[in-house]
Amino acid sequence: MKLEEMISEIELAAKDCECGNAHNKITIETMTVGDDAFEKCAAFIVMKKYKRVLMIADVRTYAAAGEKLHSIFVEKEIEHAICLIEPNVNGDVVADEVSIVQAMLELDADVDAIIAVGSGTIHDIARFCGAKTSKPFISIPTAASVDGFTSLGAPIIVRGMKKTFQTVSPIALFADINVLINAPKEMTAAGFGDMLAKFTSLADWNFGHLHAGEPFCRLSASITEEALRDCVEKIEQIATGEEEGIGSLITALIQSGLAMLIFGQSHPASGGEHHLSHYWEMEFLQKNQPQVLHGAKVGVSSIILAKLYKQWFGSESNIPEGLKERAAKVAAIVENIPDADRLKSWLEKVSGPTTPLELGISSELVERSLKEAYLLRDRSTMLKYFNVEMR
Ligand SMILES: [Zn+2]
Ligand SMILES: [Zn+2]
């Protein structure tokens, strides 16, 4: 799907979708990926007649993009304040209550809009603060690292526990393609990992719908499938960091975010592999270990689940008694997941990590998460089914 037509195409298709779920309206007014994105951002702010805006970034994302945006704001006489979120004791910038208060302290009554300059974490902070103060926020992604830019969910750590709040989407997105191209390679690999994770998340969604009646939307699923397919097709160009590849990756991530947005929940993009990743993340938080990129974790956890799902449900002969009547359908769902080796080779191609060990995750933690991670979310995945019905 082309970025320019994405919103109107999805909205049009949503009108005809017969899934029975109420679809959210997309309230994003405009999206740009290109080398004039920041000029367009400034023009948008002027057009909206915002008197004063607050830029939320961190030291790194400010250097990568904030500085350039700041000079354009100065040139166009856009009044703005800058809030650089400070890292925690581990050196990580995290979306927790401390960062949120830091941002809130700068969010004076005369601020008309928030400009989120950064990756997922900065967006989560901006999104949450914007929703709580009813101020619109504008998304400026600084890396093609995650699919959450255009979705509603803001995962926030409160007292050491991660909780996802359904908040608001940005009202506009402006991504400078050169900023994305120059982002650290591991962030691009993480974005690709977050896309590959859709193989297992879509399988889990289909499975949960089939056997437990999880709400399902054919349209959201196919939008996500298409984004995934487009992204895998461009793997060579993504691996070499070419404009065409990075452009396709950010477009796929945006598209996946919109699929979640219209459905209103994260089902299309988050299954058992995300639950494993959340479990690992909480363990790291509790042990005060520096965090690992979200997309790096879900890339690795997708490989693990691709292998296990095929073992557990892959052939009609080993399908458990409770699923016997739906054996063929379950087998077809699992068949759609590429082999673990294939996922691994794709991730290797973009220089992404492929094993828990590379992420500093012990085999003990992996084993424990395979038994307990499904408890983190009330969602019917194959990971949950295995633990509840087959262990
Ligand atoms: Zn994700
Ligand atoms: Zn639908």
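Residues numbered from 1 in each chain as written. Chains lettered and ligands numbered in written order. Predicted model: local features only at pLDDT ≥ 70, side-chain atom pairs only at ≥ 80, totals over all residues. Heavy atoms only, no water.

### A short note on the coordination of the zinc ion (ligand 1)
- With distances of 2.1 to 2.2 Å, the protein atoms coordinating the zinc ion (ligand 1) are D194 (OD), H274 (NE2) and H294 (NE2).
- Of note, the donors binding the zinc ion (ligand 1) are all from one chain and are spaced D-x79-H-x19-H. With D194 in helix α7 (residues 185–196) and H274 in helix α12 (residues 272–286), this residue pair connects regions lying 80 residues apart in the sequence. With respect to burial, D194 and H274 carry one shared label: buried. (Donors = N, O, S within 2.8 Å, 3.2 Å for Na, K, Ca; no water. Helix = DSSP H or I, 4+ residues; strand = E, 2+ residues; numbered from the N terminus. Buried < 20%, exposed > 50% of the residue type's maximum accessible area, 1.4 Å probe, protein only.)

### Topic: the coordination of the zinc ion (ligand 2)
- Around the zinc ion (ligand 2), the donor atoms from the protein are C17 (SG), C19 (SG), H23 (NE2) and C217 (SG), and they sit 2.1 to 2.3 Å away.
- Seen from the zinc ion (ligand 2), its 4 donor atoms lie at angles of 98 to 114°, and the figure they make is tetrahedral. (Tetrahedral: all angles 85-135°; square planar, octahedral: opposite > 155°, others 65-115°.)

### Looking at the domain arrangement of the chain
- Taken domain by domain, the chain consists of domain 1 (3–181) and domain 2 (185–215 + 265–390).
- The gap between the C-alpha centroids of domain 1 and domain 2 is 28 Å.
- Counting residues at the interface gives 16 residues for domain 1, matched by 18 residues for domain 2.
- Three residues stand out in domain 1 for area buried against domain 2, namely N90, D147 and K162, and they jointly supply 36% of the buried area on that side.
- At the boundary of domain 1 and domain 2, one finds 2 salt bridges.
- A salt bridge links D147 to K198; its shortest N-O distance comes to 2.8 Å.
- Here domain 1 and domain 2 share 5 residue pairs in polar contact (both at pLDDT 80 or more) between them.
- No other element matches the 3 residues that strand β7 (residues 161–166) contributes to the side of domain 1 that touches domain 2.
- For the side of domain 1 that touches domain 2, a count of residues per class yields 7 nonpolar, 6 polar and 3 charged. (Domains from an automatic or database assignment. Contact = heavy atoms within 4.5 Å. Buried area = accessible area lost by both parts, 1.4 Å probe. Salt bridge = Lys/Arg side-chain N within 4 Å of Asp/Glu carboxyl O. Polar contact = N/O pair within 3.5 Å; in protein donor to acceptor, adjacent residues only side chain to side chain. Nonpolar A, V, L, I, M, F, W, Y, C, P; charged D, E, K, R; others polar.)

### Quick word on α7
- Over its 12 residues, α7 runs 17 Å from end to end, which matches the ideal 16 Å to within 8%, given 1.5 Å per residue.
- Within α7, 10 of the 12 residues are buried, which leaves it mostly tucked inside the rest of the structure.
- Turning to α7, its buried residues number three or more, namely M187, T188, A189, A190, G191, F192, G193, D194, M195 and L196. (Expected span 1.5 Å × (residues − 1).)

### Examining the packing of aromatic side chains
- The final tally for this structure, using the stated rule, is 12 aromatic pairs.
- Where F44 meets F174, the ring centres are 5.7 Å apart and the plane angle is 55°; that geometry is what we call tilted. Of the two residues, F44 is situated in helix α2 (residues 37–47) and F174 in strand β8 (residues 172–176); the sequence distance between them amounts to 130 residues.
- Residue classification places F44 among the buried positions, given a relative accessible area of 5%.
- Look at F174 and you get buried, because its relative accessible area is 2%.
- Taken together, a centroid distance of 4.5 Å and an interplanar angle of 50° make the contact between W205 and F216 tilted. Here the residue W205 occupies a position in helix α8 (residues 198–212), and F216 occupies one in the loop between α8 and α9 (218–233), the gap between them amounting to 11 residues.
- Take W205: its relative accessible area is 3%, and that puts it in the buried class. (Phe/Tyr/Trp six-rings, centres within 6.5 Å; stacked < 30°, edge-to-face > 60°.)

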